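Inside the fold
Now for the letters of each chain:
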Amino acid sequence: MKGTMKAAVFKGIENIVVEELPIPQCPEDGILIKVHFCGICGGDIRNYSNGLRGGVKEQIMGHEISGEIVETGVNVTSWKVGERVALAPDVSCGKCWYCKRGLVNLCQEHKMLGTHFPGGYAQYIALPKEVMERGFVEKIPDEISYREAAFAEPVSGVVACHKRIGTSAGDTVVIIGDGPIGCVHIEVAHAFGAKAVILGRRKLARTAQFGPDLMVQNSNPESAVKEVLDFTEGIGADYVIVAAPNVEPQMQALKMVRKRGTVVIYGGAPKNACMAQLDSNLIHYNEITVTGSFSYPAVGLEDALYMIADKKISAEKYLNATVSLYDIADGIRKSKEGEAIKVLINPWLNEK
Ligand SMILES: [Zn+2]
Ligand SMILES: [Zn+2]
């Protein structure tokens, strides 16, 4: 396809500029996609403030993408023009110790759309062979809109977390953190048959629409622990998911999980503030498992699209702000301040 497109290019910390660039060429073994929506991710917000991994500059950010195939490479037979697709960012190497064992989320050489490859804050994105083969490109089910499909990526990690830890009927899952991911944890825990308790602060009230079994104001950590213990008849929760970007709730989690229960560290903490003090006696005497959960396996995006199509995740409830490429900084502010749960970028807003 000839012509130019608008793209928001990351130039450096807190500096994104909309530029007119040539529409990327469709690779012989790849596809060209017209981007319909791209979500602003917590990771994008971190990158915006701290810089891209490896000091990458001059890159189009964004990786929660939905769009439509407008061109296919000469060697591509399995995809057709007009097909609706959802993308997720990770591209695994296919060769390392983890990839050989199918653990693509733990790949030692993994690359990302929006960092190593141009991302979705643009009107078009071209996917090369490497992304087609080792990344995430999924057809969007008919019952899902482009808007909802752009929300599948953040849902993928949450579904993968609950599948791996084995959340099931009768369990109580406590989620610490009232951001969009905390809200998704409520819905996924319910879909897996468990009860969901959410702890939050400033944005707690808005989590009510996702139907938690209990909402706990976490401004006083001690009384919040007591509320969880009361809810579980003094036993504690089966799982405590820490979906907050700081370490204090990690320490708190050990006090509200039951013996033999599991604490999952879901959100990363800032590099210079990631050291936590955990009461090792609680881990020892209560036989608590402390684990992490990061990204998702090869079926991750497909699982999330299924959950949205099946109405287990009420995607539209999250998507309460849409901005143009020119207003990304404002979109980031809206997410940070909780004015919107999830902000989408529509690269065609205010454009032809
Ligand atoms: Zn994301
Ligand atoms: Zn690998």
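Structure shown above.
Before going into details, it helps to say that this report is about the structure given with it. (Residues numbered from 1 in each chain as written. Chains lettered and ligands numbered in written order. Predicted model: local features only at pLDDT ≥ 70, side-chain atom pairs only at ≥ 80, totals over all residues. Heavy atoms only, no water.)

1. Considerations on the pairing of strand E3 (residues 31–39)
Across the nine residues of E3, eight count as buried, placing the element largely inside the fold. Where E3 lies against strand E5 (residues 64–72), eight bridges are found, and the strand directions are antiparallel. Within E5, the residue paired with Val35 across the bridge is Gly67. Relative to strand E9 (residues 124–127), E3 runs antiparallel, the two sharing four bridges. When the sheet's bridge partners are listed, Leu32 is paired in E9 with Ala126. Two strands pair when backbone bridges link them, and E3 and strand E18 (residues 343–345) are joined in this way by two bridges, in the antiparallel orientation. Looking at the pairing, Cys38 lines up with Ile345 of E18. (Buried < 20%, exposed > 50% of the residue type's maximum accessible area, 1.4 Å probe, protein only. Helix = DSSP H or I, 4+ residues; strand = E, 2+ residues; numbered from the N terminus. Pairing = 2+ DSSP bridges.)

2. Some words on the side chain of Asp171
You can see Asp171 is positioned in the loop between helix H5 (152–165) and strand E11 (172–176). Of the buried charged residues, Asp171 lacks a salt bridge, with Arg258 as the closest side chain of opposite charge at 5.6 Å. Engagement of the side chain of Asp171 in a polar contact is seen with the backbone nitrogen of Ser168, the distance being 2.7 Å. Ignoring sequence-local partners within four residues, the contact set of Asp171 consists of Gly166, Ala194, Lys195, Asp238 and Tyr239. (Lys, Arg positive; Asp, Glu negative; His and termini not counted. Salt bridge = Lys/Arg side-chain N within 4 Å of Asp/Glu carboxyl O. Polar contact = N/O pair within 3.5 Å; in protein donor to acceptor, adjacent residues only side chain to side chain. Contact = heavy atoms within 4.5 Å.)

3. Examining the coordination of the zinc ion (ligand 1)
At the metal site, the zinc ion (ligand 1) is ligated by Cys41 (SG), His63 (NE2), Glu64 (OE) and Glu153 (OE), and these contacts range over 2.2 to 2.6 Å. Around the zinc ion (ligand 1) sit four donor atoms, and with donor-metal-donor angles ranging over 85 to 167° the site reads as irregular. Mapping the donors of the zinc ion (ligand 1) onto the primary sequence yields the spacing C-x21-H-E-x88-E. You can see Cys41 sitting in the loop between E3 and helix H1 (42–50) and its partner Glu64 sitting in strand E5, a full 23 residues away along the chain. Exposure remark for Cys41: the relative accessible area of 14% places this residue in the buried category. (Donors = N, O, S within 2.8 Å, 3.2 Å for Na, K, Ca; no water. Tetrahedral: all angles 85-135°; square planar, octahedral: opposite > 155°, others 65-115°.)

4. Points about the coordination of the zinc ion (ligand 2)
Coordination of the zinc ion (ligand 2) by the protein comes from Cys93 (SG), Cys96 (SG), Cys99 (SG) and Cys107 (SG), over a distance range of 2.3 to 2.4 Å. Classification of the site at the zinc ion (ligand 2) rests on its four donor atoms, whose angles at the metal span 103 to 117°, yielding the label tetrahedral. Of note, the donors binding the zinc ion (ligand 2) are all from one chain and are spaced C-x2-C-x2-C-x7-C. Relative accessible area serves as the criterion here: at 9%, Cys99 is assigned to the buried category.

5. Regarding the packing of H1 against helix H12 (residues 328–337)
Where H1 contacts H12, the axes come no closer than 11 Å and their chain directions differ by 115°. Handedness of the crossing formed by H1 with H12: left-handed. Of H12, the residues touching H1 (which contributes Ile45, Tyr48 and Ser49) are Ala329, Ile332, Ser335 and Lys336. Per-class residue counts for the contact of H1 with H12 are four nonpolar, two polar and one charged. (Axes fitted to C-alpha atoms, helices over the stretch in contact; angles between N-to-C directions. Left-handed = near helix turned anticlockwise from the far one by under 90°. Nonpolar A, V, L, I, M, F, W, Y, C, P; charged D, E, K, R; others polar.)

6. Brief notes about the sheet that holds E11
Spatial ordering of the open sheet is given by E13-E12-E11-E14-E15-E16, a layout of six strands whose pairing is parallel. For this open sheet the edge positions go to strand E13 (214–217) and strand E16 (289–292), each flanked by a neighbour on one side alone. Adjacent strand axes in the sheet meet at a mean angle of 20°, parallel and antiparallel pairs treated alike. Sheet topology places E11 next to strand E12 (residues 195–200); five bridges connect them, and they run parallel.

7. Brief notes about the layout of surface pockets
Vacant regions in the atomic arrangement are exposed by a probe of water-molecule size rolled over the atoms. Roughly 240 Å³ of volume is contained in the second largest pocket. In terms of lining, the second largest pocket is formed by 16 residues, of which the most central are Asn105, Ala160, Arg164, Tyr296 and Pro297. Sort the elements by how many residues they give to the lining of the second largest pocket and H5 lands first, with four residues. For the lining of the second largest pocket, the residue count by class is eight nonpolar, five polar and three charged. Composition of the lining of the second largest pocket by domain shows at least three residues from each of domain 1 (4–151 + 313–345) and domain 2 (161–292). (1 Å grid on protein atoms, 1.4 Å probe; cavity = no way out; pocket = protein on both sides within 12 Å on 5 of 7 lines; lining within 4 Å. Points joined across faces, edges and corners; volume = space filled by probe spheres on them. Domains from an automatic or database assignment.)

8. As for the nonpolar core
Inside soluble globular proteins, nonpolar side chains tend to come together where they are buried. Of all hydrophobic cores here, the largest spans 47 residues; its most connected members are Phe151, Val155, Val184, Ile313 and Tyr318. Ranked by the residues each element gives to this core, the list is headed by H5, at seven residues. The two domains that each donate at least three residues to this core are domain 1 (4–151 + 313–345) and domain 2 (161–292). The residues contacting Ile313, other than those within four sequence positions of it, are Phe151, Val155, Val184, Glu187, Val188, Met307, Ile308 and Tyr318. Ranked by size, the runner-up nonpolar core spans 45 residues in total, among them Val9, Phe117, Leu127 and Ile332. (Core = buried A, V, L, I, M, F, W, Y, C linked by side-chain atoms within 4.5 Å.)

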